[in-house]
Structures are given as structure tokens and as C-alpha cells.
Amino acid sequence: MTARAPRGLPHERIDSRRTASIYLHFPYCTVRCRYCDFNVARVTAIPRDDYTNAVRAEAERRLPEIAGRDVLSIYFGGGTPSLWGPAGVGETLAHLVASTGAVGPEVTLEANPNEAADAALMASYAQAGVTRLSLGLQAVDDAELHTLGRSHDASLGLEALQVAVATFSAVTVDLIFGLPGSTAESWRDTLHRVLDTGVDHLSLYHLTVEARTGLERAVRDGRLALPTDDVAADQWELIAPTLAAYGLHAYEISSYCRPGFESLHNSGYWLGQPYLGLGAGAHSFSGWREGGARRRENLRPHREYLRVAASGDDPVGTDEVVSRDDHRDERVMTGLRYGWGLDLLALADELRLDASCGLADRLGPLMKEGLVEIRDGRLRLTPRGRSLADAVTRRLLAG
Ligand code: SF4
């Protein structure tokens, strides 16, 4: 594994008034996983060059939206962006870096094990400028992978992880707990097998059964049974001590890493940093400005996106103003999930609200109950509050 130089914590580097990130959505997959409700197109022939050209045209049109800001991170998400190819990713990246003047941004590529197990391909992505690989492992048990409808088995997944750790200066893995057929023991085994590879960052999610997915139909028809709440709670409780034994700490409710390996990109979302989203169905956020923030979503159907963006027109799907209260509520919600909490005074200053951001009446009782605290101007959950994070957030935001 390549060592990475220590750097500042995300909230010390991210400044919602001066920094930004770029997200690129690559909407193509070769299979549709059973649990997935993302904006993806299952295709056999991926129009790589057309997509690269369309994204470039959109970038040329929209980069002025973040002009003057330091671009801290660039993120290739999907879909399966590891199918884009090093040429498309490299060309897109080079254009973005040259156009924004970004200096040493964190560059993340999401990858599926089918591509990530190919050491030569991964070396080409690293050479193209990718610094961080986000591996969609989800599970390392063949029965669980089959349940999820994944296109790889456990041994290929672990092989891919070893390649990733040997190639990139930072690697993160997505895993899902609460899977049908899983137990506390199988989850413990999953964590150990993954952590034994030396990975530096994990994102751990409880399975969400999304509407209109194959998984939802299977659960509804009784073909699959979810674990009981007690089993899911046991799995959750295993996480912190198991990861701590490997030197990983929680810096967000679902995100764990060794010190210095926090995701700058994801932290930007939690800290209210503007982001420019390029590609089919990509989301963008302008950051707070006097009068309101703007949030937009690009056209979702990939063919329509290709046609509009390639012609030089704006591939906008929806564009809406975010009110001051909605923006504050979102910042409170994500800030409470972030390990170092929310800089309440900075947010009050930015939104021109009182020092409690208009939350004084609701903060008092939660502080008395020992669920939240304010230290050094930062509002955060106490250890007790963390175990009740959703309920605490609901009480704080109930207007
Ligand atoms: S690879 Fe990822 S984006 Fe594609 S269908 Fe599976 S879960 Fe969805």
C-alpha cells in the first residue's frame, strides 16, 4: 500500500464560500443489481466516446458556475464508472484540472470488482490521475452476493480489493449489513476479511429495500426474509469495536477510516460545499447565496442527456431554489452525522441567523437530556445521541 501524507481534517480544508467539488455521473452498468434503484442504464455496448464528448461539452458550458473556487475533489460515480475506460476518465479529468486550475485534488473512481481485479486496468486508471478507488464490494459471502444480484463472487471481490490496495494511495469499500440470511457471525467474518487487506476507509450501510426493485418483490412474496431487528442491532454493535481494533474510527454515521483518510468529497456534501454535477441525472448544488441556494438535477435518460449535452445545450432536468430554512435544516442534518459536528456560529453567520441558527428552543431540551452538546462552537451528538441520531435530528428539525 502506498502511504499518503497526513493532511488537514476535511472541515479545516472545506470552506463553503471558497471551495467546491465536481461529481461526474457515468450511468452505464452491464447488469442491474437486485437492490438498486439508481439512475443507471443496463447496456451491452457502452457509448464511451460519445459520453466523454457530451460530458466535456457540458463541462465547458457549466464550469463558470464554480469559477474562482478551489476544486478540492473530483468524483467519478455511477453506474459503473470503471467501465468508462482510462482514456475517457483521463481525458475528462485532464480537461477539468486544466480548466479549474485544481491543485492535487482527491480523485475518486467507483469500481466494481469485475474491473478492479484487473491489475493492468487499475494501473492505467492510477496513471490517468485517479488517487482513490471506491470498491463496490457489498458482501464477501457468495450466498449474500447472489441475493443482491451482484455479478461477481466473493473471491473475485477480495482479489479486487487486494489489487486496489496495492495500486491506489487510498481505497474505500462499500459493505451492506442487514442482508437476508446474514447473522452477527457472518457480518463479523465479513468485516475481518475486508479489514485484513489493509483497507483504509469503509462505508457501511444497512440494507434499504427500495420500492420497485427485484429485492422488494422477493421480500414481499416471502422468497427472502430480512434478519430480525435484534440481529441487525447486533451487527451494528459489532462495527465500532471491530473497526477500532484495526485503527479505523467513525467520522460520520456510516463512514469509518484511519486518521487522515477521511473522504474530502463526501465531507463536502456534509459541510454544505457547492458541487458541480456533470453527466446524466447528476445533481448540483450552488452553495448558499444571498436569496437562496440552487439545486439542480440533469436530464436522467442517458440518450436524452447525450443528445442535448453534445449539441451544446444545457442538459438541465430540474432546477429549484432552496430556501434559507431548508438549507439550514439540511446542514443541521448532515452536520450532526459528521463526527466533528456542525460549526453553528459559521452557519449562523453565513445565513444571517441568530447564534443558535433559530434552534434555541429545541436545542435546550436535547442538551439537558445529554443527547447533543456544543463544544468550541460546534454542535454535535453525544455518544448517547449518536445511538439515537435519527430521532434527535427529527426533534431538532421539527418546526
Ligand atoms: S453496479 Fe451499482 S449502479 Fe450498477 S446496478 Fe449494481 S448497484 Fe446499481
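The rules behind each value
- Residues numbered from 1 in each chain as written.
- Predicted model: local features only at pLDDT ≥ 70, side-chain atom pairs only at ≥ 80, totals over all residues.
- Heavy atoms only, no water.
- Near = heavy atom within 4 Å.
- Nonpolar A, V, L, I, M, F, W, Y, C, P; charged D, E, K, R; others polar.
- Helix = DSSP H or I, 4+ residues; strand = E, 2+ residues; numbered from the N terminus.
- Polar contact = N/O pair within 3.5 Å; in protein donor to acceptor, adjacent residues only side chain to side chain.
- Domains from an automatic or database assignment.
- Contact = heavy atoms within 4.5 Å.
- Buried area = accessible area lost by both parts, 1.4 Å probe.
- Salt bridge = Lys/Arg side-chain N within 4 Å of Asp/Glu carboxyl O.
- Buried < 20%, exposed > 50% of the residue type's maximum accessible area, 1.4 Å probe, protein only.
- Axes fitted to C-alpha atoms, helices over the stretch in contact; angles between N-to-C directions.
- Parallel < 35°, antiparallel > 145°, perpendicular 65-115°, else oblique.
- Left-handed = near helix turned anticlockwise from the far one by under 90°.
- Pairing = 2+ DSSP bridges.
- Right-handed = clockwise from strand over helix to strand, strands pointing away.
- Phe/Tyr/Trp six-rings, centres within 6.5 Å; stacked < 30°, edge-to-face > 60°.

J.: Help me out: how do you make sense of the site of the ligand in this one?
T.: Every residue near the ligand is listed here: Cys-29, Val-31, Arg-32, Cys-33, Tyr-35, Cys-36, Phe-38, Val-40, Gly-79, Thr-80, Asn-112 and Arg-150. Here the residues of the shell around the ligand sort into 7 nonpolar, 3 polar and 2 charged.

J.: What's the story with the environment of Asp-221 in this structure? I'm lost.
T.: One can find Asp-221 in the loop between helix 9 (214-220) and helix 10 (229-244). Sequence separation between Asp-221 and Val-321 is 100 residues, and the spatial gap between their C-alpha atoms is 41 Å. Side-chain polar atoms of Asp-221 contact the side chain of Arg-223, separated by 3.1 Å.

J.: Looking at this structure, how should I read the domain arrangement of the protein?
T.: It is common to report an interface's size as the accessible area lost on association of the parts. Domains assigned within the protein are domain 1 (10-270) and domain 2 (341-397). Computed from C-alpha coordinates alone, the two centres of domain 1 and domain 2 are separated by 30 Å. In this complex, domain 1 contributes 4 residues to the contact, which on the side of domain 2 involves 7 residues. The contact between domain 1 and domain 2 buries some 370 Å² in all, and 47% of this surface belongs to carbon and sulfur atoms. It is His-11, Arg-17 and Ile-253 that lose the most area in domain 1 upon contact with domain 2, and together they represent 79% of the buried surface on that side. Along the contact surface separating domain 1 from domain 2 lie 1 salt bridge.

J.: Explain the pattern of salt bridges to me, please; I cannot follow it from the model alone.
T.: Side chains carrying opposite charge are able to pair once their charged atoms draw close together. Scanning the model with the defined rule gives 17 salt bridges in all. Between Arg-294 and Asp-319 there is a salt bridge; the shortest N-O distance is 3.1 Å. Note that Arg-294 is positioned in strand 13 (residues 293-298) and Asp-319 in strand 14 (residues 316-322), a separation of 25 residues in sequence. The exposure class assigned to Arg-294 is partly exposed, which follows from its relative accessible area of 40%. We classify Asp-319 as partly exposed; its relative accessible area is 42%. Sharing partners across several salt bridges, the network here consists of Glu-58, Arg-62, Glu-65, Arg-296 and Asp-314.

J.: Explain the packing of helix 13 (residues 324-337) against helix 14 (residues 344-351) to me, please; I cannot follow it from the model alone.
T.: Helix-helix packing is characterised by the crossing angle of the two axes and by the distance between the axes. Contact pair helix 13 / helix 14: the axes reach a minimum separation of 11 Å and the direction vectors enclose 165 degrees. As summarised for this structure, helix 13 and helix 14 are arranged roughly antiparallel, according to the angle between their axes. Crossing geometry of helix 13 relative to helix 14 is assigned as right-handed. Residues Arg-324, His-327, Arg-328 and Arg-331 of helix 13 form the contact with helix 14, whose own contacting residues are Leu-347, Glu-350 and Leu-351.

J.: What exactly am I supposed to notice about the sheet that holds strand 16 (residues 372-375) here?
T.: Strand pairing in a sheet is mediated by backbone hydrogen bonds. Such pairs are either parallel or antiparallel. Read across the sheet, 3 strands follow the order 15-17-16 without closing on themselves; strand pairing throughout is antiparallel. Bordering the open sheet on either side are strand 15 (342-343) and strand 16, each of which pairs with just one other strand. In the sheet, strand 15 pairs with strand 17 (residues 378-381) via 2 bridges, with the strands oriented antiparallel. The residue bridging Asp-343 from the neighbouring strand is Arg-378, located in strand 17.

J.: How should the pairing of strand 8 (residues 201-206) be read in this particular structure?
T.: Along any regular strand, the residues point their side chains to alternate faces of the sheet. Sheet topology places strand 7 (residues 170-177) next to strand 8; 6 bridges connect them, and they run parallel. From the neighbouring strand, Ile-176 faces strand 8, where its bridge partner is Tyr-205. Following the backbone out of strand 7, through helix 8 (residues 184-195) and into the adjacent parallel strand 8, one traces a crossover that is right-handed.

J.: I'm lost on the packing of aromatic side chains in this one. Help?
T.: The final tally for this structure, using the stated rule, is 15 aromatic pairs. Aromatic pair Tyr-51 and Tyr-305: ring centres 5.7 Å apart, planes at 45 degrees, arrangement tilted. Taken together, the positions of Tyr-51 in helix 2 (residues 48-62) and Tyr-305 in helix 12 (residues 302-310) put the pair 254 residues apart, joining distant regions of the chain. We classify Tyr-51 as buried; its relative accessible area is 0%. Measuring from centroid to centroid gives 6.1 Å for Tyr-275 and Phe-285, while their planes differ by 40 degrees, and the two rings are tilted. Of this pair, Tyr-275 sits in strand 11 (residues 275-278) while Phe-285 is found in strand 12 (residues 283-285), placing the two residues 10 residues apart along the sequence. Taken together, Phe-26, Tyr-28, Tyr-51, Phe-76, Trp-84 and Tyr-305 form an aromatic cluster joined through their ring pairs.

J.: How should the packing of helix 8 against helix 10 be read in this particular structure?
T.: Two elements in contact, helix 8 and helix 10, have axes whose closest approach is 9 Å; the angle formed by their N-to-C orientations is 30 degrees. Between helix 8 and helix 10, the angle falls in the class roughly parallel. For the pair helix 8 and helix 10, the sense of crossing is right-handed. Contact residues: helix 8 offers Ala-184, Trp-187, Arg-188, Leu-191, His-192 and Leu-195, while helix 10 offers Val-231, Asp-234, Gln-235, Leu-238, Ile-239, Thr-242 and Leu-243.

J.: Quick question: what am I supposed to make of the pairing of strand 7 here?
T.: Of all the 8 residues making up strand 7, 8 are buried; the element is thus mostly covered by neighbouring parts of the structure. Going residue by residue along strand 7, you find Ala-170, Thr-172, Asp-174 and Ile-176 tucked away on one face and Val-171, Val-173, Leu-175 and Phe-177 tucked away on the opposite face as well. Two strands pair when backbone bridges link them, and strand 6 (residues 132-138) and strand 7 are joined in this way by 6 bridges, in the parallel orientation. Bridge assignment links Ser-134 to a residue of strand 7, and that residue is Thr-172.

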